[in-house]
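Residues per chain are reported as follows:
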Amino acid sequence: MGAMGLTGVVTSVTLQMLAIETSQMLVDTDRFGDLDSVMSAMSSGDDDYRYSVAWVDCMTRGAHMGRAILTRGNHASAADVKKAALSGPRKPRLTIPFQAPSGLLNRYSVRAFNELWFRTAPRHELDEAQSLSSFFYPLDGVAGWNLLYGKRGFVQYQFCVPDAMGDTVVDVIRRLSESRVASFLAVLKRFGPGNPSPLSFPLSGWTLALDLPVGADALPGVLDDLDEMVVAATGRVYFAKDARLQADQVRAMYPRLDEFRAVKSRVDPDDQLTSDLARRLDLVGK
Amino acid sequence: MENAFGQPQNVVIFGGSSDIARAITKKLCAARAHTVILAGRNQELLNAAALEAQEYGATKTDIVIFDATDPSNAERTVSQAFKKVGDQVDLVIIAVGQLGVQAEDQVSAARSAEMITVNVTWPVAALAEIRNRLLAQGSGRILVMSSAAAIRVRESSYVYSGAKAGLDRLCGGIAQSLEGTGVKLQLLRPAVVRTKMTVGVDEPPFTTGANEVAENVMRGLASNSDVIWSPPLLRYVFFVLRHLPAPLWRKVTNR
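What counts, and at which threshold
Residues numbered from 1 in each chain as written. Chains lettered and ligands numbered in written order. Predicted model: local features only at pLDDT ≥ 70, side-chain atom pairs only at ≥ 80, totals over all residues. Helix = DSSP H or I, 4+ residues; strand = E, 2+ residues; numbered from the N terminus. Rg over C-alpha atoms; globule rule 2.2 N^0.38 Å. Contact = placed C-beta atoms within 7 Å. Nonpolar A, V, L, I, M, F, W, Y, C, P; charged D, E, K, R; others polar. Buried ≥ 20, exposed ≤ 12 C-beta atoms within 10 Å, placed from the backbone. Pairing = 2+ DSSP bridges. Axes fitted to C-alpha atoms, helices over the stretch in contact; angles between N-to-C directions. pLDDT = per-residue confidence, 0-100. Parallel < 35°, antiparallel > 145°, perpendicular 65-115°, else oblique. Left-handed = near helix turned anticlockwise from the far one by under 90°.

*Asks:* I'd like a description of the overall build of chain A, backed by residues and values.
*Replies:* Secondary structure assignment for chain A yields 8 helices and 10 strands. Radius of gyration (C-alpha) of chain A: 20 Å, near the 19 Å computed for a compact globule of 286 residues. Projected onto the principal axes, the alpha-carbon positions of chain A cover approximately 60 × 45 × 45 Å. Once local pairs closer than 6 in sequence are excluded, the contacts in chain A between residues at least 24 apart make up 79%.

*Asks:* Could you give an account of the interface of chain A and chain B, naming the residues involved and the relevant values?
*Replies:* The interface is formed by 14 residues belonging to chain A together with 13 residues belonging to chain B. If you tally residues by element for the side of chain A that touches chain B, the top one is helix H8 (residues 276-281) of chain A, at 3 residues. When grouped by side-chain class, the residues that make up the side of chain A that touches chain B number 4 nonpolar, 3 polar and 7 charged.

*Asks:* If you had to explain unusual backbone geometry to someone new, which residues and values would you point to?
*Replies:* Only a minority of non-glycine residues have a phi that is not negative, and only a minority of peptide bonds are not trans. Of note, the bond from Ser230(B) into Pro231(B) is cis; its omega dihedral lies within 30 degrees of zero at -5 degrees. As for its placement among the helices and strands, Pro231(B) is situated in the loop between strand E9 (227-230) and helix H8 (234-241). One non-glycine residue, Asp127(A), adopts positive backbone phi at about 55 degrees. Secondary-structure assignment places Asp127(A) in strand E5 (residues 124-131). Judged by local crowding, Asp127(A) falls into the exposed class, with 12 C-beta atoms found within 10 Å. Of note, Phe206(B) is a non-glycine position whose phi angle comes to about 75 degrees, a positive value.

*Asks:* Any details on the sheet that holds strand E4 (residues 91-94) of chain B? Residues and values, ideally.
*Replies:* All names here are of chain B. What the 7 strands build is an open sheet, ordered E3-E2-E1-E4-E5-E6-E9; its pairing is parallel. For this open sheet the edge positions go to strand E3 (60-65) and E9, each flanked by a neighbour on one side alone. Between one strand axis and the next, the sheet turns by 15 degrees as a mean value, whatever way the strands run. Inspection of the sheet shows E4 paired to strand E5 (residues 140-145) by 4 bridges, in the parallel sense. Bridge assignment links valine 92 to a residue of E5, and that residue is isoleucine 142. Contacts between helix H1 (residues 19-31) and the sheet are confined to strand E1 (10-14), strand E2 (35-40), E4 and E5, with E1 contributing the most and set at about 175 degrees to the helix.

*Asks:* Go over the environment of Thr14(A) with me, naming the residues and quoting the values.
*Replies:* Residue and element names in this part refer to chain A. Here threonine 14 lies in the segment before strand E1 (24-32). Among the residues examined, threonine 14 registers 4 C-beta atoms within 10 Å and is labelled exposed. As a C-alpha pair, threonine 14 and glutamine 24 span 10 residues in sequence and 26 Å in three-dimensional space.

*Asks:* Describe the environment of Arg180(A), and please don't skip the residues or the numbers.
*Replies:* Mapped onto the fold, Arg180(A) is located in the loop between helix H4 (166-179) and strand E8 (186-191). Through-space distance from the C-alpha of Arg180(A) to that of Leu219(A) is 9.3 Å; in sequence the pair is 39 residues apart.

*Asks:* Help me get a handle on the confidence of the model for chain B, residues and values and all.
*Replies:* Looking at chain B as a whole, the pLDDT averages 94, with 100% of positions reaching at least 70. For this predicted complex, the interface score ipTM comes out at 0.84, while the overall pTM is 0.89.

*Asks:* Quick rundown of the sheet that holds strand E9 (residues 205-213) of chain A? Include the residues and the values.
*Replies:* Residues and elements named next belong to chain A. Pairing is antiparallel across the open sheet formed by 8 strands, whose spatial order is E5-E1-E3-E2-E8-E9-E7-E10. Of all strands in the sheet, those with a lone pairing partner are E5 and strand E10 (236-237), marking the two edges. Inspection of the sheet shows strand E7 (residues 154-162) paired to E10 by 2 bridges, in the antiparallel sense. Residue pairing in the sheet places cysteine 160 in a bridge with arginine 236 of E10. Those strands touched by helix H1 (residues 35-45) are E1, strand E2 (51-56), strand E3 (68-75) and E8, and its axis lies near 20 degrees from that of E3. Lying over the sheet, helix H5 (residues 219-232) contacts E7, E9 and E10, oriented at roughly 15 degrees with respect to E7.

*Asks:* Would you mind going over the packing of H4(A) against H5(A) in detail, with residue names and values included?
*Replies:* Residues and elements named next belong to chain A. Following both chains from N to C, one finds H4 and H5 inclined at 165 degrees, their axes separated by 10 Å at the closest point. Between H4 and H5, the angle is such that the two are roughly antiparallel. Seen along the crossing, H4 lies across H5 with a hand that is right-handed. Here Thr168, Asp171, Val172, Arg175, Leu176 and Ser179 of H4 come into contact with H5, specifically with Val222, Asp225, Leu226, Met229 and Val230. Looking at the contact of H4 with H5, its residues break down into 6 nonpolar, 2 polar and 3 charged.

So this is what it looks like as structure tokens:
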């Protein structure tokens, strides 16, 4: 794992699964008016939950910059939930019927959406039973949500920084909110350590994931700025979601790149396996 | 490989020493371009443009000399330029063109023919080879410099704008033929641009500088639109102008 598909083909997989008794989650939800308070709540309280995710508003500036909704949950046991049973995911309630015009998702409409999302979340709610799909994939409640982005589509940006560099998350959200590029609610999570692979993405600390509609002139430059902030914080950007990173930054983000290249040249000396990502980020060298 | 904003790494530019091509090259290099091959007629100007590309971040530049009055060299020129990239080519720009002098061109068979050769025949011959190569590669983007003047030919510059009209319509066909192949052709239709080519030309409304055209190109690459207008408002202006009755069109253009 963690070789971006460049070292061979997976022919056999052994998966360790987690046994669950019901298809329900017990979810605690909290609303926070600013980024610092949600981050300190996550630092201190996340250990009580198996899953924790904060939806952060990256468009509000000033005192409420980075306001967030924190949802944390555990799998519900049969005893937790009356009439609980295992059931498949529910069908989406809403479907986007056709590709929207590009530009529908601009900073005004996205700001309105973020406002609505924030206002309709409970201030503080405990032990709410939610289905697996609505807890893990809230966006899939709207079928074809990707069509909302129109022909130009969107880019994703996810980075992680070590625990001690939590301030970088604040700086990134400030940069985004000041640049006024439209960004949907960002997803903030805590990370555990990565796996031993030289290109493993996670590191113990924070990770922030963004969905950004393509179209704003400032967006490419803003994301380049974020790269620099992430590198300065000894963090890295996630290859699996990347569509615009610069090759120069990759070496700083993934200091074990040469180790990966050594493995690559051992198992695939003729570079039979390559990809657009590898070409764009110079992963296999020239 | 280009990124999600249509910003290429490896670029080939035919007509690479033109002011508009240079303005675009600078922006491409400031973004992601590291290999830039410039093809054109004048070695000195091409070297200057290559140096400029390096100042803006290109790490590998080279030049190819060719003469657009001779379409028989088009295939060879394209193949030389691609060879110098030595990797996949992400973006090919055709900025070959000649404005001519209407009063002289319209009375000379030789000059009329040359205008069509430089503005249509050479670019179209080159496009055939570029199309083959990008299709074989399975990816890539072509940007062709047309002109807003191509939309409706007017008396005062009919040789130039007629030639651009030919190129423009032909490229529309190429663009359609490329749908679903991973290769894309985009047309650039600027209004009059203040450059060394247009010194002494009257400045009609919507005249811009080369830098503004380059900005619109960067936007157009990101948005994937089939036609990049510069300034963008021209899209709507020409929607009206192209449908004007002929007598009215003459009135508008003979200011």
